[in-house]
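# Structural features, examined
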Amino acid sequence: MTMNDMDGNQEKYPPWAPYALIMALLLLANLTIEYTTPPEPSYEIPYSQFKQLAEKGQVESVDLAGHVAEGHLYSSEAIGPHGETASHFSTQVPAFGDEALLPLLEAQGIELRVSDETGRTGPLSIILPLLPWLFLILFFFWIFRQTSRALGGRIGGPEELKKFLEAPAQTAEQPEVTFADVAGQDNAKREVTELVEFLKHPETFRKLGAEVPHGVLLMGAPGTGKTLLARALAGEAGVPFYSISGSQFIEVFVGVGAARVRHLFEAAKKSAPSIVFVDELDSVGRTRGTGLGGGHDEREQTLNQILAEMDGFSGHEAVIVLAATNRPDVLDPALLRPGRFDRHVVLDLPDRNDRVAILKVHTRKVPLGDNVDLDKIAAGSPGFSGADIKNLVNEAAMLAARKQRSEVLMQDFEEARDKVLLGTVRTLAIQPEERHRLAVHEAGHTLVAWFAPHADPLYKVTIIPRGRALGGTQLLPAEERHTLPEEYLRDRLVVILGGRTAERELLETLSSGAEDDIHQATALARAMVARWGMSDEIGPVDLRESEEHPFLGREIAQPRRYSEHSAEVVDHAVQTLLHEGEQRALGVIREHKTELARLIDALEEHETLHHEQIEQCLGQRPRVKH
Ligand code: ADP
Ligand code: MG
Ligand code: ZN
């Protein structure tokens, strides 16, 4: 279904369609009048009575059609079975004929019209009454098309609808891309590599009774290569790739999405081993039943169908269902249950090294000038996604082409970078002046975490946006914790506040980037005070504002069950905790200014620092006492 042939059909209808409607209405009115005005009464009379009337000279004319004769009298006579008067009658002419009839009619001068058996026949008499309906149907079809165009061509004629429903069966493709085309993303690639083995040799796994997860959810910011990775997996394993995008399901016809899902899984199972890929899962998979009064029917049906299909796997089909989303936070929890999308693969925005690798992939076929330094380009494009980098290379090549050069030079890349930075509002690209602030902020978290005795050990720190929060200092809990000791929580509070404190201490201004930190810190402090009784002012009193609702599984607002005074005391205790935390963070930062400066420089240069690199900047971490 292309836009072109839709437009083509479009052109055919408008010129005459309105006239058709008018004609149809006129004809219809005409027919209605014909059928609804009561005809002059007419009675069926015996043949013998008809002959008597004729002999008496009262018959004016006769229409003979087969064995039925219809007659008109000169005037109304009492010919009804109960003496009703009428000037019309009909009668059955004997099947064996009546030789005396014709002479009688002639003698009386009665007009005789004869037609053949079917009455006022000819094919026209069948078509004519249908004509208005035909026009009406055509008209509605035209309206339908008009609407379809108004809705962006999402619905079409019946053939298109049919094609649309069956489309998935035909969209199996055999991607050419492999893991070699996916630069960086080592973690993500590692996680899906075992699936390649499974798709290549499903029997081996089956014989050993090993069950491979069916549902894999790819999560990551837009342009990080989720679609690319899914296709590369199919390419690597050499299996057919069936894909649909969640946004296609928001259709006008309820039930279409579910039907498509069913067709898609059917086809995929038939040609197993294979891959089903649901792109933009969040557009169908948002939490159901949000918004009072029910959600979007179509979406819900589609989502239910996906869930049903995933539950329908017997565990041995060699079909892997991949889904991609950049909003894992809004997904319906039902999608993430065991047996569904229970394996999660995170794709991060590339750091400097990965950006070099991506640049290499995308400049494979681009003739580069001698002065092009991919590492320098990578250093100058923090926060760019894989898609942004592809775009960057393309823009640079176009600039070179416009200048009639046969090679792409460094200045083309520089010019292109500004264009990408300016043009793409939606990307997470980091503006140069932001970069230093991000480094200071993250270094603040890291420094405090390093020197706070009870904080979790550091795993890595990066200024490349992770998920929905900017930057990220990743702490790795040393052991699984079931209860959280007070010192641990207090240190955690200090670490959370460390980023903001560093910004204020070194840059002397604050930014909105710490919003999430403040939110987290406040929530933590409030829980410590009101829930865990960790404040001397309050003691062990449960003063939670809201509770998890057992059925909704989330916090809902509830009437407060404690006094205004208690509320004030809680607020005060929370503030005290937060201020204490901030003071401690400030203390650590002032004490370790040189180390902090080293850390900031290293972060700005490398963007991501791992444990060893952090140690190089900060020295050995003081012994941790738990
Ligand atoms: P997503 O599905 O996560 O939004 P895509 O897979 O559609 O991102 O990425 C868009 C394009 O960006 C890809 O077709 C590819 O050319 C490029 N790209 C993204 N990530 C990478 C990567 N890691 N290596 C190479 N190219 C990439
Ligand atoms: Mg995509
Ligand atoms: Zn922070």
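Criteria and cut-off values
- Residues numbered from 1 in each chain as written.
- Chains lettered and ligands numbered in written order.
- Predicted model: local features only at pLDDT ≥ 70, side-chain atom pairs only at ≥ 80, totals over all residues.
- Heavy atoms only, no water.
- Helix = DSSP H or I, 4+ residues; strand = E, 2+ residues; numbered from the N terminus.
- Buried < 20%, exposed > 50% of the residue type's maximum accessible area, 1.4 Å probe, protein only.
- Contact = heavy atoms within 4.5 Å.
- Expected span 1.5 Å × (residues − 1).
- Bend = angle between axes of the 7 residues up to and from the residue.
- Pairing = 2+ DSSP bridges.
- Near = heavy atom within 4 Å.
- Polar contact = N/O pair within 3.5 Å; in protein donor to acceptor, adjacent residues only side chain to side chain.
- Areas by Shrake-Rupley, 256 points an atom, 1.4 Å probe, with all protein chains shown as cover.
- Nonpolar A, V, L, I, M, F, W, Y, C, P; charged D, E, K, R; others polar.
- Domains from an automatic or database assignment.
- pLDDT = per-residue confidence, 0-100.
- Donors = N, O, S within 2.8 Å, 3.2 Å for Na, K, Ca; no water.
- Tetrahedral: all angles 85-135°; square planar, octahedral: opposite > 155°, others 65-115°.
- Patch = residues over 30% accessible without salt bridge, like charges linked within 9 Å, V, L, I, M, F, W, Y side chains within 5 Å.
- Salt bridge = Lys/Arg side-chain N within 4 Å of Asp/Glu carboxyl O.
- Axes fitted to C-alpha atoms, helices over the stretch in contact; angles between N-to-C directions.
- Core = buried A, V, L, I, M, F, W, Y, C linked by side-chain atoms within 4.5 Å.

## Quick look at the side chain of Thr608
You can see Thr608 is positioned in strand β15 (residues 608-610). Judged by its relative accessible area of 6%, Thr608 falls in the buried class. In this structure, Thr608 is in contact with Asp351, Lys460, Val461, Thr462 and Gln613, ignoring residues within four places of it in sequence.

## Some details on helix α7 (residues 186-200)
In a regular helix each residue adds 1.5 Å, so 15 residues correspond to 21 Å; α7 covers 21 Å between its end C-alpha atoms and thus fits that length. Taken as a whole, α7 carries its principal kink of about 30° at Val192. Among the residues of α7, those classed as buried are Ala188, Lys189, Val192, Leu195, Val196, Phe198 and Leu199. Along its buried surface, α7 packs onto α8 (202-207), β6 (215-220), α9 (226-237), β8 (274-279), β9 (319-325) and β10 (343-347).

## Structural notes on the pairing of β8
With six of its six residues buried, β8 lies for the most part within the structure. Side chains Ser274, Val276 and Val278 of β8 all project onto a buried face; the interleaved residues Ile275, Phe277 and Asp279 project onto the opposite face, where all are buried too. Pairing of strand β7 (residues 241-245) with β8 involves five bridges; the strand directions are parallel. Bridge assignment links Ser245 to a residue of β8, and that residue is Asp279. Sheet analysis places β8 next to β9, joined by five bridges and oriented parallel. Bridge pairing in β9 links Val278 to Ala323.

## Some remarks on the site of ligand 1
In the neighbourhood of ligand 1, 17 residues make up the surrounding shell, with Ala183, Gly223, Lys226, Thr227 and His362 lying closest. Between ligand 1 and Lys226 there is a distance of 2.8 Å, counted from an oxygen atom to a side-chain nitrogen or oxygen. Protein burial of ligand 1: of its 560 Å² of free accessible surface, 82% is covered by the chains. Counting residues per element, the ones that place at least two in the shell around ligand 1 are α9, α13 (352-362) and α15 (386-402). Partitioning the shell around ligand 1 into residue classes produces seven nonpolar, seven polar and three charged. For the shell around ligand 1, the two domains that each supply at least three residues are domain 2 (179-347) and domain 3 (352-422).

## Points about the confidence of the model for the chain
Per-residue pLDDT for the chain averages 80, and the proportion of residues at 70 or more is 80%. Taken as a whole, residues 1-12 scores under 50 in pLDDT and shows 15 contacts with residues more than four places along the chain or in a different chain.

## Considering the coordination of the zinc ion (ligand 3)
For the zinc ion (ligand 3), the full set of protein donor atoms is His441 (NE2), His445 (NE2), Asp517 (OD) and Asp517 (OD), and the range of their distances to it is 2.0 to 2.8 Å. Here the zinc ion (ligand 3) binds four donor atoms, and the angle range of 52 to 138° at the metal identifies the geometry as irregular. Along the chain, the residues that donate to the zinc ion (ligand 3) are spaced as H-x3-H-x71-D. Of this pair, His441 and His445 are both found in helix α17 (residues 432-451), four residues apart, which corresponds to roughly one turn of the helix.

## Digging into a nonpolar patch on the surface
The grouping of Ile126, Ile127, Leu130, Trp133 and Ile137 at the surface amounts to a nonpolar patch, some 560 Å² of accessible area in total. What makes Ile127 partly exposed here is its relative accessible area of 46%.

## What to know about the side chain of Ser90
On the secondary structure map, Ser90 appears in strand β4 (residues 85-92). What makes Ser90 buried here is its relative accessible area of 16%. Discounting chain neighbours no more than four positions away, the residues touching Ser90 are Ser42, Tyr43, Glu44, Ile45, Ala69 and Glu70.

## Details of the sheet that holds β4
An order of β1-β4-β3-β2-β5 is seen for the five strands of this open sheet, with the pairing classed as mixed. Two strands in the sheet have a free side with no partner beyond their single neighbour: β1 (42-44) and β5 (111-115). Shown here is a sheet whose adjacent strand axes are inclined to one another by a mean of 20°, direction ignored. Looking at chain direction, β1 and β4 are connected through three bridges and run parallel.

## Concerning the pattern of salt bridges
In the structure shown here, the tally under the stated rule is 24 salt bridges. With a shortest N-O distance of 3.5 Å, Lys403 and Asp412 are connected by a salt bridge. Two residues, Asp571 and Arg526, come together in a salt bridge whose shortest N-O distance is 2.8 Å. Here Arg526 lies in helix α19 (residues 515-530) and Asp571 lies in helix α20 (residues 564-591), a separation of 45 residues in the sequence. Its relative accessible area of 34% is what places Asp571 among the partly exposed residues.

## Focus on the nonpolar core
Membership of the largest hydrophobic core comes to 33 residues, with the highest contact counts inside it found for Leu447, Val448, Leu599, Leu603, Leu609, Ile614 and Leu618. Counting only elements with at least two residues in this core, the list comes to α17, β11 (458-462), α18 (486-507), α20, α21 (593-606) and α22 (611-618). At nine residues, α17 tops the list of elements feeding residues into this core. Leu599 has contacts with Ala443, Thr446, Leu447, Leu609, Ile614, Cys617 and Leu618, leaving out every residue within four places of it along the chain. Of all hydrophobic cores here, the second largest spans 28 residues; its members include Val177, Ala232, Phe241 and Ala324.

## Considerations on unusual backbone geometry
Looking along the chain, the bond that leaves Ala272 and enters Pro273 is cis, with omega of 0°. Here Pro273 lies in the loop between α10 (256-270) and β8. Look at Gln185: it is not a glycine, yet its phi comes out positive at around 50°. Within the element layout of this structure, Gln185 appears in the loop between α6 (158-170) and α7.

## What to know about the sheet that holds β10
Judged by pairing direction, the sheet is parallel, and its five strands sit side by side in the order β7-β8-β9-β6-β10 without closing on themselves. The open sheet is flanked by β7 and β10, the only strands paired with a single partner. Each adjacent strand pair in this sheet contributes to an overall mean axis angle of 20°, direction not counted. Alignment of β6 against β9, held across five bridges, turns out to be parallel. From the neighbouring strand, Val216 faces β9, where its bridge partner is Leu322. Of the strands in this sheet, β6, β8, β9 and β10 touch α7, which is tilted by about 135° from β10. α9 contacts β6, β7, β8, β9 and β10 of the sheet and is inclined by roughly 170° relative to β8.

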